[in-house]
Amino acid sequence: MGATRPGEPRTLAVANQKGGVGKTTTAINLGTALASIGERVLIIDLDPQGNASTGLGIDVDSRPRTAFDVLTGGLGLVECALATAVPGLYVVPANSDLVGVESTLTDANRPYKLRDAVAALGARQRNLPPDQQFKYILIDCPPSLNLLTLNALSAANAVLVPVQCEFFALEGISQLKESIDQIRATLNPSLEIQGVVLTMHDARTTLSREVADNVRAFFGPKVYETIIPRNTRVAEAPSHGKPILLYDFDCAGSQAYIRLATEIIEREGRNKAA
Ligand code: ADP
Ligand code: MG
């Protein structure tokens, strides 16, 4: 794992070019779980649909500064961050302005705008007491391998890949793995796969079990032991502008995201020690 210097947040991009696989749900709920363990977490919404912002209770009309301003206007992440209902969890929101990033950014440095913003945040935090530093940044990527996702993968120490337990799950996976290899060869040599999380798993179906087995055969120990079950409470939560842990703490989905957060922290610790 690429080393993180003092004050620098650990930056994880939640990415998969397939839509509807649980990226946003994972970013919101993993962020909430990490924050409830006591870490300060910043979610960067990098999808023009702004689902992570909405799911965290930030109205479209209450996004004065967004990820667009970070990428194109040189604004700092902290200037654009908004507090959420979860103590310790902040979000840099997004809206449809992000669609214009491709045409607005034309300079050679354009895939590195977010990386520079994360580095600036790290430098700024160095002199702050640890309890005021963001320990984790989670970037919620759009469902494509466009300039926004390139910015996320250039800025990240590692990628977290949600894979939905359904028939076409594996189709995009080898493509994503190739893209990560390509980015490692060009934009970000130290980019790692933090892990692969199986989402929307239905233990009653053979298909879910088969997909889980196939993903484990392809990615080996990179696949987390924690599997996120298909759970209607998880699907309901965003319409209430709440992470599942605030909406229904006891449901199977909440408990799975808490286990995932614990597993990720353990994995981070092991990699640091290695
Ligand atoms: P992505 O960000 O990859 O497009 P989302 O996180 O938005 O995917 O999830 C797609 C849809 O599936 C959303 O409607 C979401 O509420 C729902 N969903 C995600 N995870 C679960 C789950 N574990 N159980 C039930 N529904 C889920
Ligand atoms: Mg999404």
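Summary of the structure given here.

Cut-offs applied
Residues numbered from 1 in each chain as written. Chains lettered and ligands numbered in written order. Predicted model: local features only at pLDDT ≥ 70, side-chain atom pairs only at ≥ 80, totals over all residues. Helix = DSSP H or I, 4+ residues; strand = E, 2+ residues; numbered from the N terminus. Buried ≥ 20, exposed ≤ 12 C-beta atoms within 10 Å, placed from the backbone. Contact = placed C-beta atoms within 7 Å. Expected span 1.5 Å × (residues − 1). Arc of directions from axis to C-beta.

Focus: the environment of V159
Stage number 1. One can find V159 in strand β6 (residues 158–164).
Stage number 2. For V159, a count of 25 C-beta atoms within 10 Å corresponds to the buried category.
Stage number 3. For the pair V159 and I139, spaced 20 residues apart in sequence, the C-alpha separation works out to 9.3 Å.
Stage number 4. Contact partners of V159, with chain neighbours within four places excluded, come to A13, A15, L153, I180, L191, I193 and Q194.

A look at helix α8 (residues 173–185)
Stage number 1. In this model, α8 (13 residues) spans 18 Å end to end at C-alpha, consistent with the 18 Å of a helix rising 1.5 Å per residue.
Stage number 2. For α8, the complete set of buried residues consists of I173, I180 and I183. The arc that holds the buried residues of α8, viewed along the axis, is 80°, so those residues lie on one side. Those residues of α8 that are exposed and aimed more than 90 degrees away from the buried face are S174, E178, D181, Q182 and A185.
Stage number 3. Contacts made by the buried residues of α8 are with α7 (147–155), β6, β7 (192–199) and α9 (206–219).

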